[in-house]
Amino acid sequence: MRTAAIIVLSAISCVSASAFVRGIEPAAAIGDFDAAADVGSPKIAGSAAYNPLSQDYALSAAGTNMWAQRDEFQFVSKRLTGDFILQTRVQFLGKGVDPHRKAGLIIRATVDADSPYVDAVVHGDGLTSLQVRRAKGGATEEKRADIKGADVLQLERRGSRFIMSAAVFGDPYTTTELADLTLPDEVLAGLALCSHNPDVVERAIFGNVRIVRPAPANFTPYRDYLGSVLEVLDTATGARRALRRSEEPFEAPNWTRDGGALIYNISGRGENRGRLVRFDLATAQASTIDTGPNTRNNNDHVLSFDGTMLGISDQTSGASAVYVVPAGGGTPKRITANTPSYLHGWSPDGKTLVYTGSRDKEFDIYAMAADGSGAERKLTDVKGLDDGPEFSPDGRYIYFNSVRGGSMQIWRMKPDGSEPEQVTNDGWHNWFPHVSPDGQWVAFISFPKEVDASDHPYYKHVMLRVMPAAGGAVRTIAYVYGGQGTINVPSWSPDSRMLAFVSNSGPH
């Protein structure tokens, strides 16, 4: 029955451009977009289809060009106002005929063939460029990116500024900006494909498509919040799947040890703030986890290695303290007497908790028995923030992030705090290392250098990255609008193939 439903949904999401030429509106939207249509009446009609299982968009298109004074291409569009961000990973299908076939993201004033527009496109020969027509019927201009062969594209509107970010998957973005383009407040924005040959049909797949409403300029952190998207990510391929969208913000998914659910906390300012939620992956149903009187949980919650216990950081009684509770819910037991304390890891044998604590206005890493016996042990004693401690699955190391070198980087040390060694050293501020269950990989979130080294704020352009635990090159696996709450806690799937995380957007 489920397979049949998927087939039906796919059929409903397939829209022929010829219907729009005849002026017939589609019966349903196509994925997150309002419509699909040919612009400029190409000789051969294009089409678009949305696959709700993979969440990819498949486009076919002919068209003479997208250049000079008029355009011909297939356009999957949504009406948007104000500032927004478009994101995709695009792949041409086949070798193609013309090296100047184009695929990418576009923002237009109208669907007229000679409309003003700006786009971020990759060509068949790898040329990656920001193209713009400033006035109706005017000539097209081009700003070429410093890279070739990009397959990850982002196009952001900030008033009259339009910013293209492009990358070959795995690398950081290269940015190209247009500072002074005037388009109407309401525009048509979305996906574009052109064959650059009126007698040829080209095809492309657009994956990881996101329409993001960023935080407004007057946004105040921890007073104002955006909505959240619960996502899972294949770390080998970079394919993302959105599981749940909510205007009520939530954060920091843990993946349960049986692989069947994700656990996250509600944030924001609403009545559910601080509740923990279990999201069942088979049914897509969310249910509140009973944590007794402890209902002000933050985004520092961790499952034990055997999956039976859940450690939480709760501030119902004041500053954050660490508690443990059965994973299915129950009455929490307080572990840390000293506050604030923010939990990040269990030892593989379940006997030790590691957490970040602020003592005498200095943040360091501490360890304590998971049953609450004995005193806490201080594992770091270096000036500056140490945070995010997490055991490797073999128990040999505690990974953490530290600003001790001037920028926030990933470090590791022995479980007793000895022999600290730096793991990353680059131009990004790297936070919250998470070691895969098989011990082979370390995933973390990277903030741009413009962010203060000791801060991990909400609503920034960040990257999720991985590196071999044995050492080696760092690879970007997701380009995300998020930050605080995106991946604060261990979130690997039990088979070490997937990561769960949270991205952010206002309503659109």
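Residues numbered from 1 in each chain as written. Predicted model: local features only at pLDDT ≥ 70, side-chain atom pairs only at ≥ 80, totals over all residues. Heavy atoms only, no water.

J.: Before we go on, may I ask you to explain the overall build of the protein chain in this structure?
T.: Counting secondary structure elements, the protein chain contains two helices and 40 strands. Relative to the 2.2 N^0.38 estimate, which gives 23 Å for 508 residues, the radius of gyration of the protein chain is 24 Å and therefore close to what a compact globule would have. By the burial criterion, 56% of the 508 residues in the protein chain qualify as buried. For the protein chain, long-range pairs separated by at least 24 residues make up 52% of all intrachain contacts whose partners lie at least 6 apart in sequence. (Helix = DSSP H or I, 4+ residues; strand = E, 2+ residues; numbered from the N terminus. Rg over C-alpha atoms; globule rule 2.2 N^0.38 Å. Buried < 20%, exposed > 50% of the residue type's maximum accessible area, 1.4 Å probe, protein only. Contact = heavy atoms within 4.5 Å.)

J.: What exactly am I supposed to notice about unusual backbone geometry here?
T.: With the exception of glycine, the majority of residues adopt a negative phi angle, and the majority of peptide bonds are in the trans configuration. With an omega of -5°, the peptide bond running from Thr 339 to Pro 340 counts as cis. Topologically, Pro 340 is positioned in the loop between strand S27 (333-334) and strand S28 (341-346). Located in the positive-phi region is Ala 68, a residue other than glycine, with phi close to 55°. Assignment of secondary structure puts Ala 68 in the loop between strand S5 (66-67) and strand S6 (70-71).

J.: Explain the sheet that holds strand S37 (residues 441-447) here, please?
T.: Two orientations exist for strands paired in a sheet by backbone hydrogen bonds: parallel and antiparallel. Ordered in space as S36-S37-S38-S39, the four strands form an open sheet in which the pairing is antiparallel. In this open sheet, the two strands that pair with only one neighbour each are strand S36 (429-435) and strand S39 (475-482). The mean angle between the axes of side-by-side strands here comes to 25°, regardless of whether they run parallel or antiparallel. The sheet contact formed by strand S38 (residues 460-468) and S39 spans seven bridges and is antiparallel. Bridged to His 461 within S39 is Tyr 481. (Pairing = 2+ DSSP bridges. Axes fitted to C-alpha atoms, helices over the stretch in contact; angles between N-to-C directions.)

J.: What should I look at first to understand the environment of Asp 455 in this one?
T.: Mapped onto the fold, Asp 455 is located in the loop between S37 and S38. Assessed through its relative accessible area of 34%, Asp 455 is described here as partly exposed. Residues Asp 455 and Gly 483, spaced 28 residues apart in sequence, show a C-alpha to C-alpha distance of 10.0 Å.

J.: In this structure, what is going on with the nonpolar core? I would like to understand it.
T.: As a rule of thumb, nonpolar side chains are buried together in soluble globular proteins. Formed by 41 residues in total, the largest nonpolar core has its most connected members in Tyr 57, Ile 107, Val 118, Leu 191 and Phe 206. When near neighbours in sequence (up to four residues on either side) are disregarded, Phe 206 contacts Asp 56, Tyr 57, Leu 59, Thr 88, Arg 89, Val 90, Ala 103, Gly 104, Leu 191 and Ala 192. Counting 21 residues, the second-largest nonpolar core is a separate cluster that includes Ala 453, Val 466, Ala 478 and Ile 487. (Core = buried A, V, L, I, M, F, W, Y, C linked by side-chain atoms within 4.5 Å.)

J.: Explain the side chain of Asp 314 here, please?
T.: Note that Asp 314 resides in strand S25 (residues 309-314). In terms of polar contacts, Asp 314 uses its side chain to reach the backbone amide nitrogen of Arg 296, at 2.9 Å. With near-sequence residues (within four places) excluded, Asp 314 lies in contact with Asn 294, Thr 295, Arg 296, Asn 297, Ala 319, Ser 320, Ala 321 and Tyr 323. (Polar contact = N/O pair within 3.5 Å; in protein donor to acceptor, adjacent residues only side chain to side chain.)

J.: Looking at this structure, how should I read the sheet that holds strand S26 (residues 321-326)?
T.: The four strands lie next to each other as S24-S25-S26-S27, forming an open sheet whose pairing is antiparallel. Of all the strands in the sheet, the pair left with one neighbour each is strand S24 (302-303) and S27. Strand direction decides the pairing type here: S24 and S25, joined by two bridges, are antiparallel. Following the sheet pairing, Val 302 is matched in S25 by Gly 311.

J.: Even after reading the chapter, I still don't get the pattern of salt bridges, so can you show me in this structure?
T.: Note on pairing: side chains with opposite charge can pair once their charged atoms come close. Applying the stated criterion across every chain yields a total of 28 salt bridges. A salt bridge links Arg 465 to Asp 426, with the nearest nitrogen and oxygen atoms 2.6 Å apart. Of this pair, Arg 465 sits in strand S38 while Asp 426 sits in the loop between strand S35 (421-422) and S36, and the two are 39 residues apart along the sequence. Taking the relative accessible area as the measure of exposure, Arg 465 reaches 5% and is therefore buried. On the basis of relative accessible area, Asp 426 is assigned to the partly exposed category, the value being 25%. (Salt bridge = Lys/Arg side-chain N within 4 Å of Asp/Glu carboxyl O.)

J.: Hey, could you run me through the environment of Ile 263 in this one?
T.: Relative to the assigned elements, Ile 263 resides in strand S21 (residues 261-266). Ile 263 gets classed as buried once you look at its relative accessible area, which sits at 2%. Note: C-alpha distance between Ile 263 and Asn 488 (225 residues apart in sequence) is 12 Å.

J.: Honestly, the packing of aromatic side chains in this entry has me stumped. Any pointers?
T.: We describe a pair of aromatic rings using the distance from one ring centre to the other and the angle between the two ring planes. Evaluated as defined, the whole model comprises 13 aromatic pairs. Taken together, a centroid distance of 5.6 Å and an interplanar angle of 50° make the contact between Phe 73 and Phe 75 tilted. Grouping aromatic residues by their ring pairs yields a cluster made of Phe 219, Tyr 222, Tyr 225, Tyr 458 and Tyr 459. The lysine or arginine in question, Arg 89, covers the ring of Phe 169, its NZ or CZ lying 3.8 Å from the ring centre. A cation sits over an aromatic face here: Arg 257 above Phe 305, 5.5 Å from the ring centre. (Phe/Tyr/Trp six-rings, centres within 6.5 Å; stacked < 30°, edge-to-face > 60°. Lys NZ or Arg CZ within 6 Å of the ring centre and 35° of its normal.)

J.: For this particular structure, what's the right way to read the side chain of Ser 165?
T.: Along the chain, the position of Ser 165 falls in strand S14 (residues 161-167). Look at Ser 165 and you get buried, because its relative accessible area is 6%. Among residues more than four places away in sequence, those in contact with Ser 165 are Val 152, Leu 153, Gln 154, Tyr 173, Thr 174 and Thr 175.

J.: Would you mind showing me how to read the pairing of S28 here?
T.: For a regular strand, the rule is simple: side chains alternate between the two faces of the sheet. Of all six residues in S28, five are buried, a share of seventy percent or more. Here S28 runs beside strand S29 (residues 352-359); their pairing, made up of five bridges, is antiparallel. Bridge assignment links Trp 346 to a residue of S29, and that residue is Leu 353. The hairpin turn running from S28 into S29, its antiparallel successor, is five residues long, and Gly 350 in that turn takes a positive phi close to 80°.

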